[in-house]
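Each chain, written out:
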Amino acid sequence: MGSRWNRTLVCGLLLVFLANCSKPPRSERLVVINGPEPESLDPHIITGQPEGRICKALFEGLTTEDKDGRVVPGIAQEWTASPDGRTYRFILRQSSWSDGSPLTAQDFARSWQRALDPQVASKYADLFFFIENAEAYNMGRLRDFSQVGIRVIDSRTLEVRLIGPTPFFPSLCAQPIFFPVPLAAIRTEGENWIKPGKLLGNGPYLLESWKINDRIVLRKNPRYWRADTVRIPHIEALAVTRASTAFNLFASGSADLVLDKGLIPTFFLSDLRNKPYFHSAPFLATYFYRINVTAPPLNDPRVRKSLSLAIDRERLIRTVTRGGELPAYSLTPPGIPGYTPPDGLSFDPVQARALLAQAGFPDGRGFPPLTLLYNSSEQNEEIATEIQAFWRQILGISVSLRNQEWKVYLNSVQSLSYEVARSSWVGDYEDPFTFLGCFLRNSGNNNTGWSSDRYQKLLTEATITLAPKERFALLHKAEAILVKEELPILPIYFYSGIMLYDGSRLGGIAANLLDEHPFREFYFRRPRQPGGPVP
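Summary of the structure given here. Counting from 1, residues in each chain are numbered in the order their sequence is written. Only residues with pLDDT of at least 70 are given local features in this predicted model, and only at 80 or more are side-chain atom pairs given and counted; all residues enter the totals for whole chains, interfaces and linings. Hydrogens and waters are ignored; side-chain quantities use all the structure's heavy atoms.

Our next topic: the packing of aromatic side chains. Centre distance within 6.5 Å is the pairing criterion for rings of Phe, Tyr and Trp, where only the six-membered ring of Trp is used; planes under 30 degrees apart are then read as stacked, over 60 as edge-to-face, and the remainder as tilted. Considering all chains together, one arrives at 30 aromatic pairs under this definition. Taking the centre distance of 4.8 Å and the plane angle of 45° together, the rings of Phe-267 and Phe-268 count as tilted. Plain terms: the ring middles of Phe-361 and Phe-367 are 5.0 Å apart, the flat faces sit at 70° to each other, and that makes the pair edge-to-face. Partly exposed describes any residue whose relative accessible area lies between the buried limit of under 20% and the exposed limit of over 50%, with all areas from a 1.4 Å probe on protein chains only and scaled to the type maximum. The class of Phe-361 is buried, set by a relative accessible area of 13%. Across the ring face of Trp-225, the terminal group of Arg-93 is positioned such that the distance to the ring centre comes to 3.6 Å. It is Arg-231 that lies over the ring of Tyr-523; its NZ or CZ is 4.0 Å from the centre. Throughout this description, the term charge over a ring refers to an Arg CZ or Lys NZ atom that lies within 6 Å of the ring centre and within 35 degrees of the ring normal.

All right, on to helix 10 (residues 313–321) then. The way it works is that DSSP assigns letters per residue, a run of H or I at least four long becomes a helix, a run of E at least two long becomes a strand, and they are numbered from the N terminus. Along helix 10, the positions that sit buried rather than exposed are Arg-313, Leu-316, Ile-317, Val-320 and Thr-321. Down the axis, helix 10 shows its buried residues gathered within 100° of arc, on one side only. We call two residues contacting when some pair of their heavy atoms lies within 4.5 Å. Against helix 8 (269–272), helix 9 (301–309), strand 13 (326–327), helix 12 (378–395) and strand 17 (489–501) lie the buried residues of helix 10. Positive phi appears at Arg-322, one or two residues downstream of helix 10, with a value of about 55°. The arc in question is formed by the directions pointing from the helix axis toward the C-beta atoms.

Within strand 7 (residues 157–161), 4 of the 5 residues are buried, which leaves it mostly tucked inside the rest of the structure. Criterion used throughout: strands pair if DSSP finds at least two bridges between them. Sheet topology places strand 5 (residues 87–92) next to strand 7; 5 bridges connect them, and they run antiparallel. Looking across to strand 7, one finds that Tyr-88 is bridged to Val-160. Sheet analysis places strand 6 (residues 150–154) next to strand 7, joined by 4 bridges and oriented antiparallel. For Arg-151, the partnering residue across the bridge sits in strand 7 and is Glu-159. In this antiparallel pair of consecutive strands, strand 6 and strand 7, the connection spans 2 residues.

Now for the pattern of salt bridges. A side chain with one charge may pair with a side chain of the opposite charge, provided their charged atoms come close. Counted as salt bridges are all cases of a side-chain nitrogen of Lys or Arg within 4 Å of a carboxyl oxygen of Asp or Glu. Tallied over the entire structure, the rule returns 28 salt bridges. For Glu-208, the salt bridge identified is with Arg-219, shortest N-O distance 3.3 Å. With a gap of 11 residues between them, Glu-208 in strand 8 (residues 205–211) and Arg-219 in strand 9 (residues 215–220) connect regions that are remote in the sequence. Residue classification places Glu-208 among the partly exposed positions, given a relative accessible area of 37%. Among the salt bridges present, the one from Arg-471 reaches Asp-431, with a minimum N-O distance of 2.8 Å. Note that Arg-471 is positioned in helix 16 (residues 468–486) and Asp-431 in the loop between strand 16 (420–426) and helix 14 (433–436), a separation of 40 residues in sequence. Judged by relative accessible area, Asp-431 falls into the buried class, the value being 7%. Taken together, the salt bridges that share partners define one network made up of Arg-29, Lys-211, Asp-214, Arg-215 and Glu-236.

What is shown is where atoms sit, not what they do.
Pasting the structure below:
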């Protein structure tokens, strides 16, 4: 029996040794704390930032972003816009899929058709609605895709016709919903096409392995059109949801970079701020609560206003988040040149109680128990607990908290299986429409059950208005409806981006308003010192 146990122990140690030997040396491997387990790696399906980072490593659109968040050429080597701003022509460079087959303008057109297909049900399909007839095709009102404003001129030229001048259209083309996907592989493999060994991409990295709720391993794609500029051969993206776990992995030297802004322990942020590996900067992102307006009594705007007025945002960011955030009274953050968001509803307990009484619930009497949903995260739980206390103490209503893992939470929000839900939005481009467009009637990211004809009309008019001042005035009026009158959302705070990494060792990272940090830009300035944790 002893000999059998020894043989088992030796075999086990050998397997561990071989597993460790199979890993690339740390000098060639970057370990990133990426946030929750990705919902998918299909760029036409994903909705979250963690999976977006991975998809942007596996695929590339006509345009892409650099480390400063600027739009730069991707697969398109150049593009031109017509004088009226309604027609774009993209000239593609010679490039290939990861199996060596050529990537063509036809691949982009057919991929965009898939993204717009109502059967695919892409939540980001509305980003295509700036294109002629794209919305009609996505809504099923138009079946002939040739009527959509996407035209292949030749194998390396793609022309796009828009419904109005859209100066940020090149920025849209950098988003995952605009990425080309391998349609032949999708037809052959079905949903399995995104698995290791099957996924064909055109980005700087390949999918080497994917262990659910553990890590995704990427390796450099030798067929990427500028592979010579990709300097880190292997990247491991860890799936972590607890801030304490994330920090321990970083502090022990097991991880090089903490990217997710919600994975920094708040209870000792004041100490972290003085560390050389702490990096903080503002970016275009808002933390807010969605409200399911189809669920009584939340269908009453007075109730929704009451909930907003009862949140002391100043106290929340002072005592809970403590990361230098700003209180949010609008959806659009400050920082977009030329646009000033409207002032929403600030903390006013007296008015909050008065509105709740007008709605038929004086001092909360008769108000049904409310459930607040959030995705599993220590910070989300702390914020929800504080807001639960605000609503109980100020309004007299009972609120229960419910947390779900990322994939389950996303499904609950998208199916309106909630009453109040934690949400956030990071701007895809520097324009208010990236925030306000989420709450159009047909947006896949609305997820509140709310719509407004006035709001719809203002945003539609803004889409075809060329003069920036007039356009921003229309968007300002629309946002006032959202955050002052109707409130299908409750803005909480504007994020302050926080990352942990040793800047003397890791380069290619820069603070930017879009919180874009492309893996292909990263490089090691020097190797990690063996055996030592972060000081």
